[in-house]
Structure formats: C-alpha cells, structure tokens
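Structural characterization, general
Residues per chain, in single letters:
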Amino acid sequence: MLSDRARLVRDMVRIRVVEEVLADYYRDEQEMRTPTHFSIGQEASAVGVCGATRPEDWVYAAHRSHAPYLAKGGDLKAMVAELYGKQDGCAHGRGGSIHLVDQSVGFAGSAAILGEMIPVAVGSAWAFARANEPRVALTFFGDGSTEEGVFAESLNFAAVHRIPVVFVCENNLYSISSPLSARQPGGTSITRRAEAAGVTSLAVDGNDVFAVKEAAEKAVLQCREGDGPVLLELATYRWREHVGPGWDADHGYRTQEEIDSWMAGCPIVRAADALREQEPEIDAMVAGWRVQFHDEIQAAVAYAKERPFPEVDRLLDGAYAPVTH
Ligand SMILES: Cc1ncc(C[n+]2csc(CCOP(=O)(O)OP(=O)(O)O)c2C)c(N)n1
C-alpha cells in the first residue's frame, strides 16, 4: 500500500511524464492543433490542492489546465483525445487543451478567458452553501488573472457571503512575458489584496507538495465549516514557454540562470528527497512510475489518434442554437 505522501509524488510524476510526452508529440507531429499550456515544473500545486479535496468538491481551472484536471482524477484518454480534436475528447473535440472537463470526478471545467472561472466557482460554492451541502469549490488561476477586475469583485462577494470557495493562485511570476514586478511596481502582494477584501490568505511554497496539501486541507476545512472563503498563493515557476512545448530562454524576458535555478528546485526531486528516510525505496518507485506512465500516455495517444473527428453536420452540438427566421 502506498503512503499518502508517496501517492503525492506518484501523482506529480504522472503529470510530468504525460506532459513531457505530449510536448514531444506536439512539437514533432503538428497534429494537435490546440494552444497548449504545459504545467511542467508546477505539478506540486495541482497535486497538493486537489489531494485535499473530496470527489464532490468542484475544481475549476484556467488555460493551464492539464495538471489540475489530472490531479482531480480527470480521464487521461478523454484529455488526450480532446487535444487531438476528436469526438471522444472530454469536450467532444470542440474545446482543445484549454477547455477540459470531467464532472464525474469533480473537475467542473476550465476556460481561456483570464479570470472567467473565478466568479463561476464563487457561484457554484454559493449554491453548495445555500443547499446546505458540505461541498467546496476551488478555482485555479495565475498571477496575471489577479489583475482582472472580476478577481476583486469575486473576493468581495465571497467575503460578504462567507462563500466556501478556495481561490488558488499559482504565482509563477509571469503573465506570458510580463513579470509581476513590472505589472505591480508597488510590489502589491496578492495575499494582501485578498486580506484587504476580508478573505483569509495563505502564502505557501508552491513547489513543496506537502506544504501545499497541508495548506489546502486547512483552506478546505475552513470552507466546509462555514468560515470561508480562503485564498492560497502558491509560489511556483513554469519551466517551458508560456504556450507550446518549447523552451524560451532566448525570448528575452527571463534568463537561463533563472530557469536553471527553479529547475534545481524541481518539486518532484524535492518531494522524493524529503521522503527518502521514510520511504527508502522512493527512487526505485519514481523510476517505475516513469515507465508505467510513459506506457499509459503512449496508449492514450494511440487511442486518440484512432478516434474519429466530430462529424461536420454535428459541429453545432453543444453550441447555442442559431436563430432562424
Ligand atoms: C481576458 C484575457 N486577456 C488576455 C488573455 C491572453 N492571455 C492568455 S494567458 C495570459 C497570461 C496569463 O498569465 P497568468 O494568469 O499569470 O497565468 P500563467 O499563464 O502564468 O499560468 C494572457 C494575457 C486572455 N486569455 N484573457
């Protein structure tokens, strides 16, 4: 039986391997025609937060959605089929990487417009509270999304109604190529902004999966007990380019040294290091998981490739019906 802590490492390895293999296919084949935002380097935040939820809690995400989707238990084959635009994808090939959904496991959905899912999560959580259901909604977004007006409105509304929502900010320092320090020259902190709205806030090392899980457990419990909302600010770092499978040290907005320093603090390596005394076999376990998940993602890619594209005359399924006069 795997310990809870080893399971967290396993879940991070799975996301890492899935994304690394998908990134290679994406680059080499040009068959996935969807903008794809990888979370490579940021796995601890999704795994730690989702590991603190129950299946009936709802998780929302933004464009960087693979990691929260998989961490919540979203179906891998349906995700990969979605990236290939196939009818059997989780959004029937209409949504691509940014619009993942698997409500059977509580992954409520993700969307491309920055900030869009923040008030939707607040609304879901409010509905849970009004129905006296002990459920929580959580919403992942980046530091860039905190500059959307709806973030401030959502904090305020959630605080006024004590809504059981957890705002999960993955602060990876950049909004595409624009650094947080340039966007917030006064150094305005995200947690202080949330506190100013009356929302409990915790700043956590987002690359320490154990610390993230502990903080998320506190946040979810506080919400379940009717004392929400809570904001978690998780300090992390995206290794690859903003969108796509490549590396971007030559794009001019950050240095190779900076990227290297964050890669040296890889969340998987850190977690394995922290566990080694308690789990002396952890390195062999990680090596075994890498093989297992490599096979799993290769099978999911093979499945996706052989599935059909949506039929042209069904393309409007799921869209608002056009008005006909
Ligand atoms: C309302 C809106 N404005 C601009 C964009 C274009 N856009 C897509 S991702 C992105 C950066 C997002 O940065 P952040 O929220 O920090 O998330 P990260 O990509 O770092 O995970 C921008 C500006 C968008 N999708 N929606």
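Refer to the preceding data block for the structure.
For the structure given in this document, a descriptive report is provided here. Everything numeric in this text was worked out from a predicted model, so none of it was measured. (Residues numbered from 1 in each chain as written. Predicted model: local features only at pLDDT ≥ 70, side-chain atom pairs only at ≥ 80, totals over all residues.)

What follows is about the site of the ligand. Lining the immediate environment of the ligand, one finds 15 residues, of which L114, G142, G144, S145 and S175 sit closest. Counting only elements with at least two residues in the shell around the ligand, the list comes to β3 (137–142) and β5 (174–175). Taken together, the residues that form the shell around the ligand break down as 6 nonpolar, 7 polar and 2 charged. (Near = placed C-beta within 6 Å. Helix = DSSP H or I, 4+ residues; strand = E, 2+ residues; numbered from the N terminus. Nonpolar A, V, L, I, M, F, W, Y, C, P; charged D, E, K, R; others polar.)

Now for the sheet that holds strand β7 (residues 200–205). The strands that make up a sheet pair up through hydrogen bonds in the backbone, lying either parallel or antiparallel. Spatial strand order, β2-β1-β3-β4-β8-β7: 6 strands in an open sheet with parallel pairing. The two strands at the open ends of the sheet, each matched to only one other strand, are β2 (107–110) and β7. Neighbour-to-neighbour, the strand axes of this sheet turn through a mean angle of 15°, independent of strand direction. In the sheet, strand β4 (residues 165–171) pairs with strand β8 (residues 230–235) via 6 bridges, with the strands oriented parallel. In the sheet register, V166 faces β8, and the bridge partner there is V230. (Pairing = 2+ DSSP bridges. Axes fitted to C-alpha atoms, helices over the stretch in contact; angles between N-to-C directions.)

Taking 1.5 Å per residue, 26 residues should reach 38 Å; helix α1 (residues 4–29) reaches 37 Å between its end C-alpha atoms and fits that length. Note on α1: the residue one or two positions beyond its end, Q30, has a positive phi of about 60°. (Expected span 1.5 Å × (residues − 1).)

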